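Single-letter residue listing:
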Amino acid sequence: PAPGPLAGQHVVITAGPTHEPIDPVRYIANRSSGKQGFALAAAAAEAGAQVTLIAGPVQLPTPPGVRRVDVETAREMAEAVDAALPCDVAIMVAAVADWRVAEAAGQKRKKDGSGHIPPLELVENPDILASLGHAMLRPPLLIGFAAETEHVIEHAKAKLARKGADWIIANDVSGDVMGGANNTVHIVSAMGVESLSEMPKADVARAIIAKVADVLHQPYDA
Ligand code: C5P
């Protein structure tokens, strides 16, 4: 592995959306470009970590030195995270769909011309971050994200406890963060709130990884 402040550390990152099939041609998804998660994977690899990037369906190149596992659904993502353990740091950036269709159809659902709209029965997906927060192999440093449109910090604080995470990185998505190049984040932990100014997602990633290295008591010169 490359030398660096995270040398010898295994970092698992989820990124992108998940797609939950309705039938072979339709799906339910959250809006997510995957950019922030991929930028974190790149920054962690640059810092010398061994990185496993578990990616939902996105069209982004794999950052150099990163092991990438492509998945489609939340359940596949949960399995891939489990398979990647143990790790030293987990950063769950993926915008996982909260619900999936109870029984996806094997064939394309057809409009029958009667104006009848088929109901979709939804069931809850596993919460990957919360499961990890309470798992036997809970990573020593567990980080989640929270995309909020209002009361950003309050919601993030509530999420810290509920998910069993060490940090929740809150981003205000009321602007054009989704798919955009920049991000404004607040790192919420038991220590308080650290707000970073708006900057490119690659710089946000480097700042977060510098803080990770700091917490792991290793020097970091970014
Ligand atoms: O509850 P909410 O979706 O707002 O929480 C966001 C955080 O939880 C993110 O870190 C996201 O990756 C993670 N999450 C997850 N599995 C889910 C839902 C969210 O890992 N099913």
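- The name given to the chain in an unreviewed UniProt entry is Coenzyme A biosynthesis bifunctional protein CoaBC, with Novosphingobium nitrogenifigens DSM 19370 as the source organism.

**Considering unusual backbone geometry**
Logical step 1: For the bond running from Leu 85 to Pro 86, omega is 0°, close enough to zero to count as cis.
Logical step 2: Mapped onto the elements, Pro 86 comes out in the loop between helix H2 (74–84) and strand E6 (89–92).
Logical step 3: In this structure, His 151 is a non-glycine residue whose phi angle is positive, near 45°.
Logical step 4: Looking at where His 151 falls in the secondary structure, it is placed in the loop between strand E9 (141–148) and helix H4 (152–163).

**Concerning the site of the ligand**
Logical step 1: Near the ligand, the surroundings consist of Met 92, Val 93, Ala 94, Val 96, Pro 126, Asp 127, Ile 128, Leu 129, Gly 144, Phe 145, Lys 159 and Lys 163.
Logical step 2: At a separation of 2.7 Å, an oxygen atom of the ligand approaches a polar backbone atom of Ala 94.
Logical step 3: At 2.9 Å, a backbone N or O of Leu 129 approaches an oxygen atom of the ligand.
Logical step 4: Of all elements in the fold, only helix H3 (128–133), E9 and H4 reach the threshold of two or more residues within the shell around the ligand.

**Details of the sheet that holds strand E5 (residues 66–70)**
Logical step 1: Spatial ordering of the open sheet is given by E5-E4-E1-E6-E9-E10-E12-E13, a layout of 8 strands whose pairing is mixed. Edge positions in the sheet fall to E5 and strand E13 (192–195), since each of these pairs with one other strand and no more. Mean inter-strand twist for the sheet, computed between neighbouring axes without regard to direction, equals 20°.
Logical step 2: Where helix H1 (residues 35–46) meets the sheet, its contacts fall on strand E1 (10–15), strand E4 (50–55), E5, E6 and E9, and the angle it forms with E4 comes to roughly 165°.
Logical step 3: Here H4 sits on the sheet in contact with E9, strand E10 (167–172), strand E12 (185–189) and E13, set at roughly 155° to E10.

**Let's talk about the UniProt feature "binding site: CTP" (unreviewed entry) in the chain**
Logical step 1: Residues annotated by UniProt as "binding site: CTP" (unreviewed entry) correspond here to Asp 98, Lys 108, Pro 126, Asp 127, Ile 128, Leu 129, Phe 145, Lys 159 and Lys 163. Of the residues just listed, which span 66 residues, the most distant C-alpha pair is 37.6 Å apart, and they do not cluster in one region.
Logical step 2: You can call Asp 98 partly exposed: its relative accessible area is 48%.
Logical step 3: Residue contacts for Asp 98: discarding those within four places in its chain leaves Val 123, Glu 124 and Asn 125.
Logical step 4: One can find Lys 159 in helix H4.

**Points about a negative patch on the surface**
Logical step 1: On the surface, Glu 72, Glu 76, Glu 79 and Asp 82 cluster together to form a negatively charged patch.
Logical step 2: As for its placement among the helices and strands, Asp 82 is situated in helix H2.

**Quick notes on the packing of H1 against helix H5 (residues 201–215)**
Logical step 1: It is at 8 Å that the axes of H1 and H5 come closest, and there the two elements cross at 50°. For the element pair H1 / H5, the angle class is oblique. Crossing geometry of H1 relative to H5 is assigned as right-handed. Every residue of H5 that contacts H1 at Lys 35, Gln 36, Ala 39, Leu 40, Ala 43, Ala 44 and Glu 46 is listed here: Lys 201, Ala 202, Val 204, Ala 205, Arg 206, Ile 208 and Ile 209.

**What to know about H2**
Logical step 1: What H2 keeps buried is the set Ala 74, Met 77, Ala 78, Ala 80, Val 81 and Ala 84. Buried residues of H2, seen end-on, are gathered within an arc of 165° and therefore sit on one face of the element. Opposite the buried face of H2, by more than 90 degrees, sit the exposed residues Glu 79, Asp 82 and Ala 83.

About the cut-offs
- Residues numbered from 1 in each chain as written.
- Predicted model: local features only at pLDDT ≥ 70, side-chain atom pairs only at ≥ 80, totals over all residues.
- Heavy atoms only, no water.
- Helix = DSSP H or I, 4+ residues; strand = E, 2+ residues; numbered from the N terminus.
- Near = heavy atom within 4 Å.
- Polar contact = N/O pair within 3.5 Å; in protein donor to acceptor, adjacent residues only side chain to side chain.
- Pairing = 2+ DSSP bridges.
- Axes fitted to C-alpha atoms, helices over the stretch in contact; angles between N-to-C directions.
- Contact = heavy atoms within 4.5 Å.
- UniProt positions renumbered as here; feature names shortened; annotations may be inferred.
- Buried < 20%, exposed > 50% of the residue type's maximum accessible area, 1.4 Å probe, protein only.
- Patch = residues over 30% accessible without salt bridge, like charges linked within 9 Å, V, L, I, M, F, W, Y side chains within 5 Å.
- Areas by Shrake-Rupley, 256 points an atom, 1.4 Å probe, with all protein chains shown as cover.
- Salt bridge = Lys/Arg side-chain N within 4 Å of Asp/Glu carboxyl O.
- Lys, Arg positive; Asp, Glu negative; His and termini not counted.
- Charge placed at Lys NZ, Arg CZ, Asp CG, Glu CD.
- Parallel < 35°, antiparallel > 145°, perpendicular 65-115°, else oblique.
- Left-handed = near helix turned anticlockwise from the far one by under 90°.
- Arc of directions from axis to C-beta.

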